[in-house]
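# Results of the structural survey
Here is what each chain is made of, one letter per residue.
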Amino acid sequence: MRWTNDSSDNVDDRRGKGGGALVGGGIGTLIIAAIVFFMGGDPSAILNSGMSQQSTQTEQRDLNPQELKMRQFVKMVTGETEQTWAAEFQKLGLTYRKPHVVMFEGVTNSGCGTAQAAMGPFYCPADETVYMDMSFFGEMQQKFGAKVTEFTIAYVMAHEIGHHVQTLLGTTQKVDKLRNSGAYSEAEMNRVSVATELQADFYAGVWAKLTDQREHILEPGDIQSAMDAAAAVGDDNIQKRSFGYVNQEAFTHGSSAQRQEWFMKGYNTGDIKQGDTFNQLLK
């Protein structure tokens, strides 16, 4: 991925600053919790059962050169998302409100509760912030079979910021209203969740297309990196690697093929209006 000279001031790098962390448990606990999270469940029960509630202070440390470079990369990608979505919202007669991005390690506070590395990257609509623990990308490569490149990280960030776009457009609120109504079964809400996640993939593809048109960020292999990442975090791939079988009714994020399809639809069209996954998938 070609770097640009753009950079955002809305990135808070909390790595190396020390802070509270739960003790107990182990990498197995974290991996299981990550699986539960990607399956759409709440990992807190597993984390709480595998870890004591005692807090400990992580030591402050200096970030190494690679970590400092990653901070600049995340600031650059964040800046490019801000420019692209501001322009798109202006076309719609709307104003784009910039989200914050937090880089952390281990555990940190968020508007949606305690953010832990086991949860993977996520967007919190309560404080309009994307939380990124960079150790997730090692797990993505080692456990789920994705070769991680810079554009892999950009794709994941663009997906999470896609959820911010959904919040600004009111989609998140509509989904929450359906979920809180109690009128729909778990299976029905899983289908809604899949449509929500695939739309975020679509928005990631739109971002890649429009940003490349403006800044020429893409290099050979970048789109394939996004496709590989989308396949790695497909529900069927995670289920198969974790449990040895696939249960389509439990899908919450979409299959590998669906995630690739909707990212590519966003990239090929570059048109936010073509991403109505709800009408396409919930007929």
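See above for the structure.
Note that the structure is a prediction, hence the values are computed from the model and not measured. (Residues numbered from 1 in each chain as written. Predicted model: local features only at pLDDT ≥ 70, side-chain atom pairs only at ≥ 80, totals over all residues. Heavy atoms only, no water.)

## A short note on the sheet that holds strand β7 (residues 122-124)
Strands pair in a sheet through their backbones, by hydrogen bonds, and they do so in one of two ways: parallel or antiparallel. Put simply, the test is: Between any two strands, pairing holds if DSSP finds at least two bridges. Going along the chain from the N terminus, every DSSP run of H or I of four or more residues is numbered as a helix, and every run of E of two or more is numbered as a strand. Fitted lines through C-alpha atoms give the axes, limited to the stretch in contact for helices. The angle between two N-to-C directions lies from 0 to 180 degrees. Any two residues having at least one pair of non-hydrogen atoms within 4.5 Å are treated as being in contact.
In spatial order, the strands read β1-β4-β8-β7; together these 4 strands make up an open sheet with mixed pairing. Lying at the two open borders of the sheet, with one neighbouring strand each, are β1 (11-13) and β7. The mean inter-strand angle of the sheet, taken between neighbouring strand axes irrespective of direction, is 20°. Its contacts with the sheet put helix α3 (residues 65-91) on β1 and β4 (100-104), and the angle it makes with β4 is roughly 160°. Running over the sheet, helix α5 (residues 150-169) touches β7 and β8 (129-133) and is turned about 25° from β7.

## Quick look at the nonpolar core
Selection rule: Nonpolar cores were defined as sets of buried Ala, Val, Leu, Ile, Met, Phe, Trp, Tyr and Cys residues, with membership established by side-chain atoms within 4.5 Å. For every residue, the accessible area (1.4 Å probe, protein chains only) is compared with the maximum for its type, and the residue is labelled buried under 20%, exposed over 50%, or partly exposed between those bounds.
If you look at the biggest cluster of nonpolar residues, it comprises 56 residues, and the most contacted ones within it are M1, W85, F151, W207 and F263. At the level of elements, α3, β4, β8, α4 (136-144), α5, α7 (186-215), α8 (222-232) and α10 (256-269) are the ones that each hand at least two residues to this core. For this core, the element with the highest residue contribution is α5, accounting for 10 residues. Residues in contact with W85, not counting those within four places in the same chain, are Y96, I161, V165, Y203, V206, W207 and I272. In terms of nonpolar packing, the next biggest core, distinct from the first, is built from 7 residues, F104, A115, F122 and C124 among them.

## What to know about unusual backbone geometry
Of note in the backbone geometry, E128 takes a positive phi value of approximately 50° without being a glycine. Within the secondary structure, E128 sits in the loop between β7 and β8. Taking the relative accessible area as the measure of exposure, E128 reaches 16% and is therefore buried. One non-glycine residue, H216, adopts positive backbone phi at about 55°. Tracing the sequence through the fold places H216 in the loop between α7 and α8. You can call H216 exposed: its relative accessible area is 53%.

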